[in-house]
Amino acid sequence: MKILVDIGHPANVHFFKNIIRLLEKEGNEVKITLRNRDVAKYLLNIYGFEYETLVERHYKGVLNKAVGMLKIDYKLYKVAKKFGPDILTGESFYIARVSKLLRKPSIVFINNEMGFYNKLFSRFADVICTSKSFNESFDFKKHIKYDGYYFGAYLHPSYFKPDTSVLEDLGLNKDEKFFILRFRTYDAFHDIGHRGFHADRLKLAKELEEHGRVLILSDSELGGELEKYRIPPSERLHDLLYFAYMYIGDGFSTAAEAAILGTPSILVSTIDRGYIKELRDRYNLVITCKNSEEAHEIVRSLLEKSDLKKEWRRRARKMQSEKIDVVKFVVDLIKRYPESVSEYIEQNKWK
């Protein structure tokens, strides 16, 4: 079987890496396409994957994004037609639209609720897969809800084993407390009208520094004194998140990843996500707030608790015990298509 996988975000690389490896191990041919994202490109190179870049720039602004979508559709169509896939898959609807032109099936994995955008393009997809925690619904004849998280494809205990050498690389010792802060740009379609951790960043870093080392990840320039805390993007981020004492930031994926790994996670944003809601309300693994002032108060409160990491680890183990192996689910779905689709949709009726 020939499968085309479209990558548009670093999280897509992590999600598909074990899936691609298992598919190839079982004799399938996989073609990877990439929409320009420097970190995603870095990760693909580190993991040794071959890929074809569709665009060399990141489009900003509503009008430019709309024009850029058409250009990406065209390039993806050309690459896909030459490859001749049996199935196209990815997180975006680029592959869904192009699959219609090729008259080949598409399986789309959606992790973020984006309202009108999802509704507009969902009609092009043959199959839509979301976590059961997802807050939007699609045509029940093609919507599969799996009982797991997107992040489980690479953070499930079967695939993730924390490596302590990441601490040595940053000059940290095993017993040293450190904190990870994540600041992202709010420039995607689904970010319009929302904001994250935009103020008092230095104040938070200074307060945390009194308790341990501070490490910052950011999509853009930090400026001033904050730059000294910055660490470069790395394929070993998840090892670092596992050992961190706490995560604070406005990155949804990183907040969920930290929580799943058993690290106290504080998300600062005016946006909510289904998986964040479940990790917060059902498993008490994420704490959400809408501004920097709330974040400061939460951080201070958590720092006063004893056995903080021990408690989060316990909660994470409980959550993991209740979730499926997402990698095996996706590989089975693709390999047995289309029979697998009807089976999984039928299972949804009884859960």
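Above this text is the structure in question.
Just so it is clear, the model here is predicted, and its values are computed rather than measured.

## Concerning the pairing of strand 5 (residues 106-109)
- Residues Ser106 and Val108 point to one face of strand 5 and Ile107 and Phe109 to the other, with burial holding for every one of them.
- By the bridge criterion, three bridges tie strand 4 (residues 87-90) to strand 5 in an arrangement that is parallel. When the bridges of strand 5 are listed, Thr89 appears paired with Ile107.
- Each parallel crossover has a hand, and for strand 4 linked through helix 4 (residues 94-102) to strand 5 it is right-handed.
- When strand 5 meets strand 6 (residues 127-131), the two strands line up parallel, connected through three bridges. Among the inter-strand pairings, Ile107 is bridged to a residue of strand 6, identified as Val127.

## Let's talk about helix 1 (residues 10-25)
- Its 16 residues place the ends of helix 1 23 Å apart at the C-alpha level, agreeing with the 22 Å of an ideal helix rising 1.5 Å per residue.
- Of all bends in helix 1, the biggest is about 40 degrees, found at Phe16.
- The buried count for helix 1 comes to 12 of 16 residues, which makes it a mostly enclosed element.
- Here helix 1 has its buried residues at Pro10, Ala11, Asn12, Val13, His14, Phe15, Phe16, Lys17, Asn18, Ile19, Ile20 and Leu23.

## Digging into the pattern of salt bridges
- This model, assessed by the stated rule, comprises 23 salt bridges.
- Close ionic contact of Lys206 with Glu225 constitutes a salt bridge, the shortest N to O distance being 3.0 Å. Taken as a pair, Lys206 in helix 8 (residues 201-209) and Glu225 in the loop between strand 9 (213-218) and helix 9 (237-243) lie far apart in primary sequence, 19 residues in all.
- With relative accessibility at 33%, the residue Lys206 sits in the partly exposed group.
- Overall, Glu225 belongs to the partly exposed group, its relative accessible area being 43%.
- A salt bridge links Lys277 to Asp281, with the nearest nitrogen and oxygen atoms 3.5 Å apart. With a gap of four residues between them, Lys277 and Asp281 both fall in helix 11 (residues 274-281), about one helical turn apart.
- The class for Lys277 is partly exposed, based on a relative accessible area of 37%.

The rules we used
Residues numbered from 1 in each chain as written. Predicted model: local features only at pLDDT ≥ 70, side-chain atom pairs only at ≥ 80, totals over all residues. Heavy atoms only, no water. Buried < 20%, exposed > 50% of the residue type's maximum accessible area, 1.4 Å probe, protein only. Helix = DSSP H or I, 4+ residues; strand = E, 2+ residues; numbered from the N terminus. Pairing = 2+ DSSP bridges. Right-handed = clockwise from strand over helix to strand, strands pointing away. Expected span 1.5 Å × (residues − 1). Bend = angle between axes of the 7 residues up to and from the residue. Salt bridge = Lys/Arg side-chain N within 4 Å of Asp/Glu carboxyl O.

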